[in-house]
Amino acid sequence: MNINDFDFFLPKSYIEQKKKKKRSDSKLLVLNRCTNKIIDEKFKNIGKYLSEKDLIIINDTKVIPARLRGKRKNTNGKVEVFIERILQNNIIQCQLKSTRKLKIGDIIVIDDIIEIMLIKNFSNNISEVKILNSSSKILLSNHGSVPLPPYISRAPTNIDKKLYQTIFASKDGSVAAPTAALHFDKEIIKKLEKKHIKICNITLHIGMGTFSAIKTQDINNHNMHSELYSIPSETIKQIERCKEKNGKIIAVGTTVARALESFHMSKNLTDKFYNTDIFIKPGYDFKVVDHLITNFHLPQSSLLVMICAFYDTKKILKAYNYAIEQNYSFFSYGDSTLIL
């Protein structure tokens, strides 16, 4: 499969820079895989397309303040530290950006207070650093900022601390929000409860690889990024009950779909964390997920490839072009789709 098959043109003006203050005011593009119909809708009306037999599954990961700005201890050269994963209380995996390449043993000073030392470099632009005079908790809470996606061309503000976090967020670990769930608010939850639609959770901690474009011409040669996930035993029980009633499993986001499909094909245990590097592409047969709520995705990205696998590449691109014609907004702070 050629990466150019998953490309589309999006004017920059369609990339939403701010989240609506009322989350559920977003537009919703409904795509029906059985009838091939495209329906313009409001996210607040999503309950119209679900029944009491169905089960909604959300990702309860919480975004950490992963972006840090510092300088080299000896030269004062600027360094940006983007945390990818916390390994121990004082050991962190991260991406480092600086004008001159950092060497093992170099020390970076954050806000003239905390010192971190580069101890390892890996081939995938990931480095490992050691915090010398503090802890990861203090480093993030006192010095980190909201890691807005690279296509949001502004500095984060205080309102982003709230809006770039889902109402389900409870487990620290992501460097990006599971954006499909950003549209849910208390009003939506009340409507779903009235219809007796259950909601349960998984956890998948999103890494920076989620924003990476596929760089190989043949997507089959792409090395997929790895992320940590865990499936609670209660969620598995709820899925089994839903399937027994002929209900539908609604994955809120590609992260949920990735976690559920990864768990299904593994021999992993519930309530434990595992790495997944699954790359879902056209030809994949979804075993768990029936409906998918997801935002609009970047051209030539693994996330766009996944939703093409869930529906059909040509039909997804047709729907995206329709969304552009109808002035839908795109990406993390943008509007949503529901693929039935």
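Structure: see above.
What you see is a predicted model, and the numbers here were worked out from it, not measured in a lab.

Cut-offs used in this document
- Residues numbered from 1 in each chain as written.
- Predicted model: local features only at pLDDT ≥ 70, side-chain atom pairs only at ≥ 80, totals over all residues.
- Heavy atoms only, no water.
- Helix = DSSP H or I, 4+ residues; strand = E, 2+ residues; numbered from the N terminus.
- Contact = heavy atoms within 4.5 Å.
- Core = buried A, V, L, I, M, F, W, Y, C linked by side-chain atoms within 4.5 Å.
- Buried < 20%, exposed > 50% of the residue type's maximum accessible area, 1.4 Å probe, protein only.
- Expected span 1.5 Å × (residues − 1).
- Arc of directions from axis to C-beta.
- Axes fitted to C-alpha atoms, helices over the stretch in contact; angles between N-to-C directions.
- Parallel < 35°, antiparallel > 145°, perpendicular 65-115°, else oblique.
- Left-handed = near helix turned anticlockwise from the far one by under 90°.
- Nonpolar A, V, L, I, M, F, W, Y, C, P; charged D, E, K, R; others polar.
- Pairing = 2+ DSSP bridges.
- Salt bridge = Lys/Arg side-chain N within 4 Å of Asp/Glu carboxyl O.
- Phe/Tyr/Trp six-rings, centres within 6.5 Å; stacked < 30°, edge-to-face > 60°.
- Lys NZ or Arg CZ within 6 Å of the ring centre and 35° of its normal.
- Patch = residues over 30% accessible without salt bridge, like charges linked within 9 Å, V, L, I, M, F, W, Y side chains within 5 Å.
- Areas by Shrake-Rupley, 256 points an atom, 1.4 Å probe, with all protein chains shown as cover.
- Lys, Arg positive; Asp, Glu negative; His and termini not counted.
- Charge placed at Lys NZ, Arg CZ, Asp CG, Glu CD.

Undergrad: Please clarify how the environment of Asp5 should be interpreted in this entry.
TA: Looking at where Asp5 falls in the secondary structure, it is placed in the segment before strand E1 (27-31). Separated by 218 residues in sequence, Asp5 and Asn223 have C-alpha atoms that sit 18 Å apart. Filtering out sequence-adjacent residues up to four positions away, Asp5 remains in contact with Thr313 and Leu317.

Undergrad: It is not clear to me how the nonpolar core should be interpreted in this structure. Could you clarify?
TA: Of all hydrophobic cores here, the largest spans 89 residues; its most connected members are Leu260 and Phe330. The greatest single-element share of this core, amounting to 7 residues, is contributed by helix H6 (residues 302-310). Beyond its immediate sequence surroundings of up to four residues, Leu260 is in contact with Ile57, Ile202, Ile231, Ile239, Ile249, Val288 and Val289. Counting 21 residues, the second largest nonpolar core, distinct from the first, contains Phe43, Phe184, Ile293 and Leu338.

Undergrad: Could you clarify how one ought to interpret helix H4 (residues 233-244) in this entry?
TA: Within an α-helix, residues lying three or four positions from one another point in the same direction, as the helix has 3.6 residues per turn. Relative to the 16 Å expected for 12 residues at 1.5 Å per residue, H4 spans 17 Å between its end C-alpha atoms, a close match to the ideal helical length. The complete set of buried residues in H4 reads Thr235, Gln238, Ile239 and Cys242. The arc enclosing the buried residues of H4, seen along the axis, measures out at 105°, which places them on a common side. Elements in contact with the buried residues of H4: strand E3 (55-59), strand E12 (198-205), strand E14 (249-252) and helix H5 (254-264).

Undergrad: Before we go on, may I ask you to explain the packing of H5 against H6 in this structure?
TA: When two helices pack together, their arrangement is captured by the angle between the axes and the distance separating the axes. Contact geometry for H5 and H6: axes closest at 11 Å, N-to-C directions at 70°. If you check the angle between H5 and H6, you find them roughly perpendicular. Crossing of H5 against H6: the hand is left-handed. Where H5 approaches H6, its residues Thr254, Ala257 and Arg258 are matched on the opposing element by Leu303, Met306 and Ile307. Here the contact of H5 with H6 is composed, by residue class, of 4 nonpolar, 1 polar and 1 charged.

Undergrad: Looking at this model, I keep getting lost on the sheet that holds strand E10 (residues 127-131). Mind explaining?
TA: Spatial ordering of the closed barrel is given by E5-E6-E7-E10-E9-E8, a layout of 6 strands whose pairing is antiparallel. Across the sheet, the axes of successive neighbouring strands diverge by a mean angle of 45°, strand direction being ignored. Across 7 bridges, the pairing between strand E6 (residues 78-86) and strand E7 (residues 91-98) is antiparallel. If you follow Phe82 over to E7, its bridge partner there is Gln95.

Undergrad: Can you help me understand the side chain of Thr294 in this one?
TA: Mapped onto the fold, Thr294 is located in strand E16 (residues 291-295). Other than its neighbours up to four places away in sequence, Thr294 contacts Ala180, Thr254, Ile307, Ser336, Thr337 and Ile339.

Undergrad: How should the pattern of salt bridges be read in this particular structure?
TA: Pairing is possible between side chains that carry opposite charge, provided their charged atoms lie close to one another. A full pass over the atoms with the stated rule returns 15 salt bridges. Across the salt bridge formed by Lys120 and Glu128, the nearest N and O atoms sit 3.9 Å from each other. Note on Lys120: relative accessible area 41%, which makes it partly exposed. A relative accessible area of 9% means that Glu128 is categorised as buried. A salt bridge links Asp160 to Arg154, with the nearest nitrogen and oxygen atoms 2.8 Å apart. Under the relative-accessibility criterion, Arg154 is labelled partly exposed at 25%. Among the charged side chains, a salt-bridge network with shared partners connects Lys22, Glu187 and Lys191.

Undergrad: Can you help me understand the packing of aromatic side chains in this one?
TA: The relation between two aromatic rings is expressed through the spacing of the ring centres and the mutual angle of the planes. Applying the stated rule across the entire model yields 14 aromatic pairs. Ring centres 5.1 Å apart and planes at 75° place the aromatic pair Phe8 and Tyr320 in the edge-to-face group. Linking Phe8 in the segment before E1 with Tyr320 in helix H7 (residues 313-325), this pair joins segments that are 312 residues apart in sequence. You can call Phe8 buried: its relative accessible area is 9%. Taken together, the aromatic side chains of Phe8, Tyr151, Phe211, Phe296, Tyr320, Tyr328, Phe330 and Phe331 make up a single cluster linked through ring pairs. Sitting over the face of the ring of Tyr284, Lys287 holds its NZ or CZ atom 5.0 Å from the ring centroid.

Undergrad: I would appreciate a short explanation of a positive patch on the surface in the present structure.
TA: On the surface, a cluster of positive charge is contributed by Lys162, Lys186, Lys190 and Lys194. Take the positive patch: its biggest share by element is 3 residues, from helix H3 (residues 186-194).

Undergrad: I'm lost on unusual backbone geometry in this one. Help?
TA: Its identity is not glycine, yet Asp111 carries a phi of approximately 55°, on the positive side. On the secondary structure map, Asp111 appears in the loop between strand E8 (107-110) and strand E9 (114-121).

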